[in-house]
Amino acid sequence: MSAEQNGWFQSTDPQTGRTFYANRYTRTTQWDPPPGWVEPSSSSSSFRAPSTTSRQQSLEEDPLPEGWEEMKDPSSGRPFYIDHASKRTTWD
């Protein structure tokens with residue numbers, strides 16, 4: 001089973017531009033590709049990077065703590081949060 005089928009997706013840290021990998025099932029993130037990761041081809045129209053939103057730009061919401069980022073799960077559209085310092089994710 002491929003890494004993508006096991007819940008992994010690739011994204012980019014908007015502050016550093018560095019690529020990281022997040023798992024939507026285990027809610028973990030890591031800098032190194034997971035075992036079985038295959039880089040998507042640039043000609044693949046089915047690959048979509050998850051969309052990111054900046055809660056800090058929203059005047060209606062409190063800003064996230066330093067090092068945290070809100071992202072949306074590409075399959076469900078549900079927001080989740082990444083703590084880049086601890087390399088952990090959470091839905092709440």
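Residues numbered from 1 in each chain as written. Predicted model: local features only at pLDDT ≥ 70, side-chain atom pairs only at ≥ 80, totals over all residues. Heavy atoms only, no water.

Caption draft 1: Structural detail: the overall build of the protein chain. Broken down by element type, the protein chain carries zero helices and seven strands. For the protein chain, the α and β elements follow one another from N to C terminus as β-β-β-β-β-β-β. The proportion of buried residues among the 92 residues of the protein chain is 34%. For the protein chain, the accessible area works out to roughly 6,200 Å², and carbon and sulfur atoms hold 47% of it. (Helix = DSSP H or I, 4+ residues; strand = E, 2+ residues; numbered from the N terminus. Buried < 20%, exposed > 50% of the residue type's maximum accessible area, 1.4 Å probe, protein only. Areas by Shrake-Rupley, 256 points an atom, 1.4 Å probe, with all protein chains shown as cover.)

Caption draft 2: Representation of empty space enclosed by the protein in the model. Applying the stated criterion across every chain, the model contains two cavities of 30 Å³ or more. The calculated volume of the largest cavity comes to roughly 50 Å³. Along its surface, the largest cavity is lined by Asn23, Arg24, Arg27, Asp73, Phe80, Thr89 and Trp91. Residues of the lining of the largest cavity, tallied by class, amount to two nonpolar, two polar and three charged. (1 Å grid on protein atoms, 1.4 Å probe; cavity = no way out; pocket = protein on both sides within 12 Å on 5 of 7 lines; lining within 4 Å. Points joined across faces, edges and corners; volume = space filled by probe spheres on them. Nonpolar A, V, L, I, M, F, W, Y, C, P; charged D, E, K, R; others polar.)

Caption draft 3: Quick peek at the packing of aromatic side chains. Going through the model one piece at a time under the given rule, you end up with four aromatic pairs. Where phenylalanine 9 meets phenylalanine 80, the ring centres are 5.9 Å apart and the plane angle is 75 degrees; that geometry is what we call edge-to-face. Here phenylalanine 9 is found in strand E1 (residues 8–12), whereas its partner phenylalanine 80 is found in strand E6 (residues 79–83), with 71 residues between them in sequence. This pair shows no difference in class: phenylalanine 9 is buried, exactly as phenylalanine 80 is. (Phe/Tyr/Trp six-rings, centres within 6.5 Å; stacked < 30°, edge-to-face > 60°.)

Caption draft 4: Representation of the environment of alanine 85 within the structure. Checked against the element boundaries, alanine 85 lands in the loop between E6 and strand E7 (88–90). Overall, alanine 85 belongs to the exposed group, its relative accessible area being 70%. Spatially, the C-alpha atom of alanine 85 lies 6.2 Å from that of glycine 67, the residues being 18 residues apart in sequence.

Caption draft 5: The arrangement of the nonpolar core in detail. Core analysis: the biggest nonpolar cluster contains eight residues, these being Phe9, Phe20, Ala22, Trp31, Met71, Phe80, Ile82 and Trp91. Secondary structure elements with two or more residues in this core: strand E2 (19–23) and E6. (Core = buried A, V, L, I, M, F, W, Y, C linked by side-chain atoms within 4.5 Å.)

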